[in-house]
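Structural features, examined
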Number of protein chains: 2
Amino acid sequence: MIKKIDLNISAKERNDIIARENHKLFKEYGLRVFNLISSPGSGKTTLLEKLADKLKERLVVIVGDLATTKDADRIKKHGSQAVQIETGGGCHLNAEMVRDAFHKIKTDNAKLLIIENVGNLVCPAAYELGEDAKIAMLSLPEGDDKPIKYPSLFLRADLVILSKIDLAPIMDFNLEQAKSDCLKLNSKATIMEVSSKTGTGLDDLTHYLIGS
Amino acid sequence: MIKKIDLNISAKERNDIIARENHKLFKEYGLRVFNLISSPGSGKTTLLEKLADKLKERLVVIVGDLATTKDADRIKKHGSQAVQIETGGGCHLNAEMVRDAFHKIKTDNAKLLIIENVGNLVCPAAYELGEDAKIAMLSLPEGDDKPIKYPSLFLRADLVILSKIDLAPIMDFNLEQAKSDCLKLNSKATIMEVSSKTGTGLDDLTHYLIGS
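First, a word on scope: everything that follows refers to the structure included in this document.

1. Some remarks on the sheet that holds strand β2 (residues 59-65) of chain B
Strand pairing in a sheet is mediated by backbone hydrogen bonds. Such pairs are either parallel or antiparallel. Residue and element names in this part refer to chain B. On the basis of which strands lie adjacent, the open sheet formed by seven strands has the order β3-β2-β4-β1-β5-β6-β7 and parallel pairing. A strand with exactly one partner marks an edge of an open sheet, and here the two such strands are β3 (81-86) and β7 (190-193). When the angles between neighbouring strand axes are averaged without regard to direction, this sheet yields 20°. Bridge analysis of strand β1 (residues 32-38) against strand β5 (residues 133-139) gives five bridges, and the strand direction is parallel. Across the sheet, F34 pairs through a bridge with A133, a residue of β5.

So this is what it looks like as structure tokens:
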């Protein structure tokens, strides 16, 4: 009978149930948890390398990609644990994948879990993973029109990272317009300008993530 | 009975049936048709503005976005017809959306139809729209690792455009690695280096698309 009930709920409902279980589990481990979402190539993994340099074993990372384990390998070299989820073509992570990956992590000294979602501005925004908050990351080369063109993510993100900010002088990116559009979609969003290359904004971001 | 059969086919099968009908329709109109797929912000619409400058009424464009009609408006200003599909949150175009949009286009002088898909490297690759070929576009700021990390698109793309090539001197992007990875995934792919900003590669691309 229980099996029958399980089969009758939608994949989305099933995901949300597991996401709530994940959230409870993460709290038992005393972790702050963020779901990091952006387009491919906005600099998620490079940013995580920089955070790993600062936080070492206080940070653990779950990385989602369609294929390859390149990203987890990169982060591990910088001193934080990282577990890769290969979705095999799937366009977003779901709560079940994250639960299974989490059980492969040792969390003894960890305070912060960042889940690097599949590079995609659309689908990942619709799936709760058990996080405390979503982070939307937008790199300057992508253009200042992305918040209003991809509202589903920016409506749900507590933190917006404007990345590759070092490129501001050579990019035709209207920072004020992008920030204003983000705040129209979510008036409570925090917006940070960050460059993994120059280090701009990394200290503030680290404090935000650690909650200090 | 027919309705019952229709309901029993999957959404994917239904899409493929309509895509084949679209393809037949496009051939009746004498159109060459490309499905242009990339991440958000790789420069699809800017490139289409440049192609519209060159081709004017010989080019028609169907543009997909989650929200807003900004992109179609931009292209129309450059002299080509453009119709916007707002997917209302949907992460890719499907053949039915394209069929409906196509009927809003006047094709009297058109030779080339480009369908600008929703900015997403994953989902659009899985849905045939009735095109002759897929074009994958990768901008240098996204990084040279994207072909192997998003193989589903690069396996299926006949043409790979490496865009924003003007940024090559300041980006840490290994062109030879990216090209080699693209060719490992699809040995028959054509690869072009293009900059909408400087005009590099635009003539060659136009000839390729027009088939001249």
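2. Overview of helix α8 (residues 175-185) of chain B
Residues and elements named next belong to chain B. What α8 keeps buried is the set L175, A178, K179, D181 and C182. Considered in projection along α8, the buried side chains sweep an arc of 160° and stay on one side of the axis. In α8, those exposed residues whose orientation departs by more than 90 degrees from the buried face are E176 and K184. Against α6 (146-149), α7 (151-156), β6 (157-163) and β7 lie the buried residues of α8. Structurally, the start of α8 carries an N-cap: the backbone nitrogen of E176 is 3.2 Å from a side-chain oxygen of N174.

3. So, the pattern of salt bridges
Note on pairing: side chains with opposite charge can pair once their charged atoms come close. In this structure the tally under the stated criterion is 34 salt bridges over all chains. Here K184(B) makes a salt bridge to D181(B), at a shortest N to O gap of 3.6 Å. With K184(B) and D181(B) both in helix α8 and three residues apart, the pair spans about one turn of that helix. According to the relative accessible area criterion, K184(B) is exposed, its value standing at 65%. A relative accessible area of 5% means that D181(B) is categorised as buried. It is possible to trace a salt-bridge network through shared partners that takes in E49(A), D65(A), D71(A), R74(A), D145(B), K146(B) and K149(B).

4. Examining the relation of the copies chain A and chain B
Structural alignment of chain A on chain B gives an RMSD of 0.0 Å, achieved by rotating through 180° and translating 0.0 Å along the axis. Considering both components of the superposition, the chain copies are consistent with a two-fold axis. Here 100% of the interface residues in chain A have copies in chain B that are interface residues too; the copies meet face to matching face.

5. So, the sheet that holds strand β2 (residues 59-65) of chain A
Residue and element names in this part refer to chain A. Read from one edge of the open sheet, seven strands run β3-β2-β4-β1-β5-β6-β7, paired in parallel fashion. The open sheet terminates on both sides in strands that have one partner only, identified here as β3 (81-86) and β7 (190-193). Neighbouring strand axes in the sheet, compared pairwise and without regard to direction, differ in orientation by 20° on average. Relative to strand β4 (residues 112-116), strand β1 (residues 32-38) runs parallel, the two sharing five bridges. In the strand pairing of β4, L36 is matched with E116.

6. Describing the nonpolar core
I62(A), L113(A), I62(B) and L113(B) are the most contacted members of the largest nonpolar core, which totals 82 residues. Leaving out residues up to four positions away in the same chain, I62(B) has contacts with V83(B), I85(B), V98(B), A101(B), F102(B), I105(B), L113(B), I114(B), I115(B) and E116(B).

7. Overview of the interface of chain A and chain B
The interface is formed by 33 residues belonging to chain A together with 33 residues belonging to chain B. With both chains or domains summed, chain A and chain B bury close to 2,300 Å², and 62% of this area falls on carbon and sulfur atoms. At the junction of chain A with chain B, the criterion picks out four salt bridges. Among the ionic pairs, K149(B) bridges to D65(A), the shortest N-O distance being 3.7 Å. The interface formed by chain A and chain B contains seven residue pairs in polar contact (both at pLDDT 80 or more). For the side of chain A that touches chain B, the secondary-structure elements that each account for two or more residues are α4 (70-76), α6 (146-149) and α7 (151-156) of chain A. Class assignment of the residues belonging to the side of chain A that touches chain B gives a composition of 15 nonpolar, eight polar and 10 charged.

Parameters and conventions
Residues numbered from 1 in each chain as written. Chains lettered and ligands numbered in written order. Predicted model: local features only at pLDDT ≥ 70, side-chain atom pairs only at ≥ 80, totals over all residues. Heavy atoms only, no water. Pairing = 2+ DSSP bridges. Helix = DSSP H or I, 4+ residues; strand = E, 2+ residues; numbered from the N terminus. Axes fitted to C-alpha atoms, helices over the stretch in contact; angles between N-to-C directions. Buried < 20%, exposed > 50% of the residue type's maximum accessible area, 1.4 Å probe, protein only. Arc of directions from axis to C-beta. Contact = heavy atoms within 4.5 Å. Polar contact = N/O pair within 3.5 Å; in protein donor to acceptor, adjacent residues only side chain to side chain. Salt bridge = Lys/Arg side-chain N within 4 Å of Asp/Glu carboxyl O. Least-squares fit on C-alpha atoms with pLDDT ≥ 70 in both. Core = buried A, V, L, I, M, F, W, Y, C linked by side-chain atoms within 4.5 Å. Buried area = accessible area lost by both parts, 1.4 Å probe. Nonpolar A, V, L, I, M, F, W, Y, C, P; charged D, E, K, R; others polar.

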